[in-house]
Amino acid sequence: MPGGADKGEREVRRRGPVVVVSGPPGGGKSVYAKRLARDLGLRYFTTGSLFRQLARELGVSLVELSRMAERDPRIDLEIDRRAVEEALRGGVVVDSHLAGWTLAWVADVLIYVKASTPVRVERVAARDGVSVAEAMDEVLARELSQWRRFRSLYGVDTTDLSAYHLVIDTSILGIEEVYGFIKRFVVEALRARGYEVNERGE
């Protein structure tokens, strides 16, 4: 039907952009996602807070909750459902370890931030106030659990990053340099998709 596709695109533009920032524990995704949301005037939503809240409610660690999620898929499915709801509202930056795969069909820009394992482990240890050995155990256990769960739930290999528009190693440059690169990429990508982007900050 003539004009149908154009009307659909206009509806999407009115909804507002959807940016996803994913990455493994300690990759830096929350740092960059929060700043993007602030500087682009978008909402910020993180699935990590839902997972941590559930862990606190159940009185278990993140690793223990990850293992519980391997046995009970309802945990991941509910968190993923919430992420989809937030994305469909539009005007949001979604901060999530794995949303790049579950939200690829609705996201306008998909960013994956990574870092070497030693760098990520040091970051997690400093952030959580634990030893490097404890952080190493947590990081490796959570990554393995996530890989198993997404393979089982969605048939997705979380080591395949081909769905992402930008993959960047945050262990090479400083925070400001990495963020500047990510922000420029996101702004230009959204403009190319027809959004009016009003930058704030900096």
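Look up: the structure comes first, before these words.
So, here is what we can say about the structure in this document.

This paragraph deals with the sheet that holds strand 3 (residues 92-95). Adjacent strands of a sheet form backbone hydrogen bonds with each other and so pair up, either parallel or antiparallel. Strands sit in the order 2-3-1-4-5 across an open sheet of five strands; the sheet is parallel. Unpaired on one side and paired on the other, strand 2 (43-46) and strand 5 (166-169) mark the two borders of the sheet. Going across the sheet, the axis of each strand differs from the next one's by a mean of 20°, ignoring polarity. In this sheet, strand 4 (residues 109-114) lies alongside strand 1 (residues 18-22) in parallel orientation, the contact comprising four bridges. Bridging from a neighbouring strand, Val-20 pairs with Leu-110 of strand 4. The strands that helix 3 (residues 47-58) touches are strand 2 and strand 3; relative to strand 2, the one it contacts most, it runs at about 45°. Along the sheet, helix 9 (residues 175-192) makes contact with strand 1, strand 4 and strand 5, crossing strand 4 at roughly 165°.

Attention shifts here to the environment of Glu-143. Relative to the assigned elements, Glu-143 resides in helix 8 (residues 132-154). Under the relative-accessibility criterion, Glu-143 is labelled partly exposed at 25%. For the pair Glu-143 and Ala-37, spaced 106 residues apart in sequence, the C-alpha separation works out to 26 Å. Other than its neighbours up to four places away in sequence, Glu-143 contacts Pro-24, Pro-25 and Arg-120.

What counts, and at which threshold
Residues numbered from 1 in each chain as written. Predicted model: local features only at pLDDT ≥ 70, side-chain atom pairs only at ≥ 80, totals over all residues. Heavy atoms only, no water. Pairing = 2+ DSSP bridges. Helix = DSSP H or I, 4+ residues; strand = E, 2+ residues; numbered from the N terminus. Axes fitted to C-alpha atoms, helices over the stretch in contact; angles between N-to-C directions. Contact = heavy atoms within 4.5 Å. Buried < 20%, exposed > 50% of the residue type's maximum accessible area, 1.4 Å probe, protein only.

Purely spatial values, then, with no claim about function.
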